[in-house]
Amino acid sequence: MSGPYSKHSDHLRLAIRLTPNSGRNAVEGIETAADGDVFLKARVTAVPEDGKANKALILLLADTFRLPKSSISILSGETARKKILRIDGDPEDLEKKLEKVLKA
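Below you will find a few notes about this structure. The shown structure was predicted, so the numbers you read here are calculated from the model rather than taken from an experiment.

**Observations regarding the overall build of the protein**
Within the protein, the regular secondary structure consists of two helices and six strands. Secondary structure elements in the protein, listed N-terminal to C-terminal, are β-β-β-β-α-β-β-α. The principal-axis extent of the C-alpha atoms belonging to the protein is close to 35 × 35 × 25 Å. Counting across all 104 residues of the protein, residues that qualify as buried make up 40%. In the protein, of all internal contacts separated by at least 6 residues, the share reaching a separation of at least 24 is 52%. When the accessible surface of the protein is totalled, it reaches about 6,000 Å², and 49% of it is carbon and sulfur.

Thresholds, definitions, all that
- Residues numbered from 1 in each chain as written.
- Predicted model: local features only at pLDDT ≥ 70, side-chain atom pairs only at ≥ 80, totals over all residues.
- Heavy atoms only, no water.
- Helix = DSSP H or I, 4+ residues; strand = E, 2+ residues; numbered from the N terminus.
- Buried < 20%, exposed > 50% of the residue type's maximum accessible area, 1.4 Å probe, protein only.
- Contact = heavy atoms within 4.5 Å.
- Areas by Shrake-Rupley, 256 points an atom, 1.4 Å probe, with all protein chains shown as cover.

Below, the structure written as structure tokens:
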């Protein structure tokens, strides 16, 4: 995986580092961790309680990529800052949307 995502037959898997309790909701581009992991940085105003920050993250990404909320799910990292998300759909289309957002 060269970027923060990997393509599969019917979905993308996206690595995210979420900052909850932030001053604003935003997708902030790509970051590489000290261990070489690459992920998309996102921040949400929601607090990390009862899944509120996760719900806000899914809403933010659905809006950003113009996708239905139901197409985005959390595969791992429900309670961690680093998460792996599954985004259902045509991987080629999703990749284009992602690239467009990352260049903006």
